[in-house]
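Now for the letters of each chain:
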Protein chains: 4
Amino acid sequence: MHSEDTLRRLKTIEGHLRGIIRMVEEEAYCIDVIRQVQAVEAALKKVSGQILEGHLNSCVITAVQGSDLAERQRVMKEVLEVFETATKV
Amino acid sequence: MHSEDTLRRLKTIEGHLRGIIRMVEEEAYCIDVIRQVQAVEAALKKVSGQILEGHLNSCVITAVQGSDLAERQRVMKEVLEVFETATKV
Amino acid sequence: MHSEDTLRRLKTIEGHLRGIIRMVEEEAYCIDVIRQVQAVEAALKKVSGQILEGHLNSCVITAVQGSDLAERQRVMKEVLEVFETATKV
Amino acid sequence: MHSEDTLRRLKTIEGHLRGIIRMVEEEAYCIDVIRQVQAVEAALKKVSGQILEGHLNSCVITAVQGSDLAERQRVMKEVLEVFETATKV
């Protein structure tokens, strides 16, 4: 289950993004827009980390303790893929 | 001046983000949410690159060709800061 | 246990880095040096992913299946920290 | 011209990387190895930033102030490419 805090953070980020759209519409200075976009990226990374934390402490533990080997491998592969994408975006 | 394409991309990202909020509200699988958050991050990086491209080809050239040395240093410092933040977020 | 492939990759990266040092000593063009530094960073990320893969499929599974709750939490916290650092560097 | 500090940093990173190779050879704990690899990545990013700073304040200014339009476009394109790669590695 996702936390209330995750949802709250995502809604804050949505507001932040709408602010950036307004900045672009009002022809704000490029560098100021880029800085705000980078702030949104940093906020999204915190959300990803938070969701992953919940995942590691619930689904991953359940899968690893379960008797289904294929399920366990699938879950570990997903965690690795998320890590590998994180190092690219 | 910002391009129409930048604005269009940001609005698409806003829609994408609203979709993620719905996913969290509907208790979607953690890894699926993280993947969508990472897709939004990648889209935001493309927007940053696009805005920087416009900036390098307009403001930066104007500043560097101008006679105000302090202004030139300020503009170059900003580009460097954006690069340094990009390597952190 | 670390794989032979991890060791081989790290030694290749060491050679790549020595090449970059020579480029700097010989006053190579800045952008060419930066590109090579970025290639080394990408190669290091692949190594991290490979080591994490081995870790998830051995130590993490052992800890999660074990009876020591504190050890399990420690191992999960480490994986999360590595993810969070990966999104910053 | 590259600074002495850039060269010194790169040689420190080379020593750091050799230390990581030893860690792997001596079967150090996976997470400890990953942390050191991430520290090397962070150090490399600082070096890239430093080299880019020198580049912006020399070659880029020379090109932008020069009369060769194609050269100016080439230099700006390079800076943008380095930024785009930085957001991916």
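Up top you'll find the structure we're talking about.
The rules we used
Residues numbered from 1 in each chain as written. Chains lettered and ligands numbered in written order. Predicted model: local features only at pLDDT ≥ 70, side-chain atom pairs only at ≥ 80, totals over all residues. Heavy atoms only, no water. Least-squares fit on C-alpha atoms with pLDDT ≥ 70 in both. Contact = heavy atoms within 4.5 Å. Buried area = accessible area lost by both parts, 1.4 Å probe. Salt bridge = Lys/Arg side-chain N within 4 Å of Asp/Glu carboxyl O. Helix = DSSP H or I, 4+ residues; strand = E, 2+ residues; numbered from the N terminus. Buried < 20%, exposed > 50% of the residue type's maximum accessible area, 1.4 Å probe, protein only. Axes fitted to C-alpha atoms, helices over the stretch in contact; angles between N-to-C directions. Parallel < 35°, antiparallel > 145°, perpendicular 65-115°, else oblique. Left-handed = near helix turned anticlockwise from the far one by under 90°. Polar contact = N/O pair within 3.5 Å; in protein donor to acceptor, adjacent residues only side chain to side chain. Expected span 1.5 Å × (residues − 1). Bend = angle between axes of the 7 residues up to and from the residue.

Any chance you could explain the relation of the copies chain B and chain A here in plain terms?
Related by rotation about an axis and a shift along that axis, the two copies of the chain form a pair. Overlay of chain B on chain A (RMSD 0.0 Å): rotation 180°, translation along the axis 0.0 Å. The superposition operator between the copies reduces to a two-fold rotation axis. When C-alpha positions in chain B are compared against the rotation axis, the closest is assigned to Glu41 of chain B, at 2.8 Å. Interface overlap between copies is the fraction of interface residues in one copy that are interface residues in the other; for chain B against chain A it reaches 100%, indicating a shared surface.

Sorry, what's going on with the interface of chain B and chain C here?
If you look at the interface, chain B gives five residues, while chain C gives five residues. Taking both sides of the interface into account, the surface hidden between chain B and chain C amounts to around 270 Å²; carbon and sulfur atoms contribute 43%. It is Phe83, Thr87 and Lys88 of chain B that lose the most area in chain B upon contact with chain C, and together they represent 70% of the buried surface on that side. At the junction of chain B and chain C, the tally comes to zero salt bridges.

Would you mind showing me how to read the pattern of salt bridges here?
Oppositely charged side chains can form a pair if their charged atoms are brought close together. Summed over all chains, the structure comprises 44 salt bridges over all chains. In this structure, Arg35 of chain B and Glu81 of chain A form a salt bridge, with 3.2 Å as the shortest nitrogen-oxygen distance. A residue pair is termed interchain when its members come from two chains, as with Arg35 of chain B in helix α2 (residues 30–65) and Glu81 of chain A in helix α3 (residues 69–86). Take Glu81 of chain A: its relative accessible area is 29%, and that puts it in the partly exposed class. Counted as one network, the salt bridges with shared partners bring together Glu14 and Arg18 of chain A together with Glu14 and Arg18 of chain B.

For this particular structure, what's the right way to read the packing of helix α1 (residues 4–25) of chain C against helix α2 (residues 30–65) of chain C?
For any two helices packed against each other, the geometry is given by the interaxial angle and the distance between the axes. All names here are of chain C. Direction vectors running N to C along α1 and α2 enclose 165°, while the axes themselves pass 10 Å from each other. On the basis of their axis angle, the class for α1 and α2 is roughly antiparallel. Note on packing geometry: the crossing formed by α1 with α2 is left-handed. Between α1, through Asp5, Thr6, Arg9, Leu10, Ile13, His16, Ile20, Met23 and Val24, and α2, the contact on the second element is made entirely by Asp32, Val33, Gln36, Val37, Ala39, Val40, Ala43, Leu44, Lys46, Val47, Gln50 and Ile51.

Please clarify how the relation of the copies chain B and chain C should be interpreted in this entry.
Take chain B, turn it by 180°, move it 0.0 Å along the axis, and it overlays chain C with an RMSD of 0.0 Å. Here 100% of the contact residues of chain B are again contact residues in chain C; the copies associate through an equivalent surface.

Mind showing me how you'd approach the interface of chain B and chain A here?
Frequently, the measure chosen for interface size is the accessible area that the parts lose on association. With 42 residues of chain B in contact, the opposing surface of chain A contributes 42 residues. Contact between chain B and chain A buries roughly 4100 Å² in total, counting both sides, with carbon and sulfur atoms accounting for 72%. Scanning the region where chain B abuts chain A turns up 12 residue pairs in polar contact (both at pLDDT 80 or more). Of all the elements in the fold, those that place two or more residues in the side of chain B that touches chain A are α1 (4–25), α2 and α3 (69–86) of chain B. Counting residues per element, the side of chain B that touches chain A draws most heavily on α2 of chain B, which supplies 17 residues.

In this structure, what is going on with α2 of chain B? I would like to understand it.
Residues spaced three or four apart along an α-helix face the same direction, because each turn holds 3.6 residues. The terminal C-alpha atoms of α2 of chain B lie 51 Å apart, and with 36 residues this matches the ideal 52 Å at 1.5 Å per residue to within 8%. Helix geometry: α2 of chain B is bent most strongly at Leu56 of chain B, by close to 40°.

Geometric values such as these leave the question of function open.
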